[in-house]
Amino acid sequence: MRQHYGVRLSDLFRGRLTWRELGVLVRQLPASARTWLALGQEDQLWGLSEHLQAMAVDELRKANWQRENEGKKRSEQTKHPKPIPRPSSKRDKTADESPERKAARTAALERAAARRAAIAAGEIT
């Protein structure tokens, strides 16, 4: 926070910064703040312009691929171009499907179904 606002966390304990001010400053940290990286939110690394540039390059690659393979048989065509990897595509997708996560998701769905049934039966108002 010192890098962006010139405020130290110790100012909170010295009375120079309130909890509310701290909350506002944290919520409004820019995407490039080290705090987001420390929390593992690498999606914040790219802004709108970076995403748009990557999309433009991807579309140009597709257009060039189409012109290159125009009139060729499918067996003679080159492979489709791969899109530029985005920060969100580097995330470990297998972590979302771990047994613990599946069990937690199943338990949450069962609790929600039980709650809906209790509401429908009039047990919960």
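The text that follows walks through the structure, step by step, so that each part is easy to find. What you are looking at is a predicted structure, and each value in this text was computed from that prediction instead of being measured.

## What about the overall build of the protein?
Alright, step 1. The secondary structure content of the protein amounts to 6 helices and 0 strands.
Alright, step 2. In sequence order, the secondary structure elements of the protein are arranged as α-α-α-α-α-α.
Alright, step 3. With the principal axes as the frame, the protein shows a C-alpha extent of 70 × 55 × 25 Å.
Alright, step 4. The buried share of the protein, reckoned over its 125 residues, is 14%.
Alright, step 5. Pairs at least 24 apart in sequence give 39% of the contacts found in the protein among residues at least 6 apart.
Alright, step 6. With 25 positive and 16 negative side-chain charges, the protein shows a separation of 3 Å between the mean positions of the two kinds.

## A few points about helix α5 (residues 48-68)
Alright, step 1. Taking 1.5 Å as the rise per residue, α5 with 21 residues should run 30 Å; its terminal C-alpha atoms sit 30 Å apart, in good agreement.
Alright, step 2. Every buried residue of α5 is listed here: Ala54, Asp58 and Trp65. Burial along α5 is one-sided: seen end-on, the buried residues are contained in an arc of 40°. Structural note: α5 exposes Leu48, Gln53, Leu60, Gln66 and Arg67 on the side pointing more than 90 degrees away from its buried face.

About the criteria used
Residues numbered from 1 in each chain as written. Predicted model: local features only at pLDDT ≥ 70, side-chain atom pairs only at ≥ 80, totals over all residues. Heavy atoms only, no water. Helix = DSSP H or I, 4+ residues; strand = E, 2+ residues; numbered from the N terminus. Buried < 20%, exposed > 50% of the residue type's maximum accessible area, 1.4 Å probe, protein only. Contact = heavy atoms within 4.5 Å. Lys, Arg positive; Asp, Glu negative; His and termini not counted. Charge placed at Lys NZ, Arg CZ, Asp CG, Glu CD. Expected span 1.5 Å × (residues − 1). Arc of directions from axis to C-beta.

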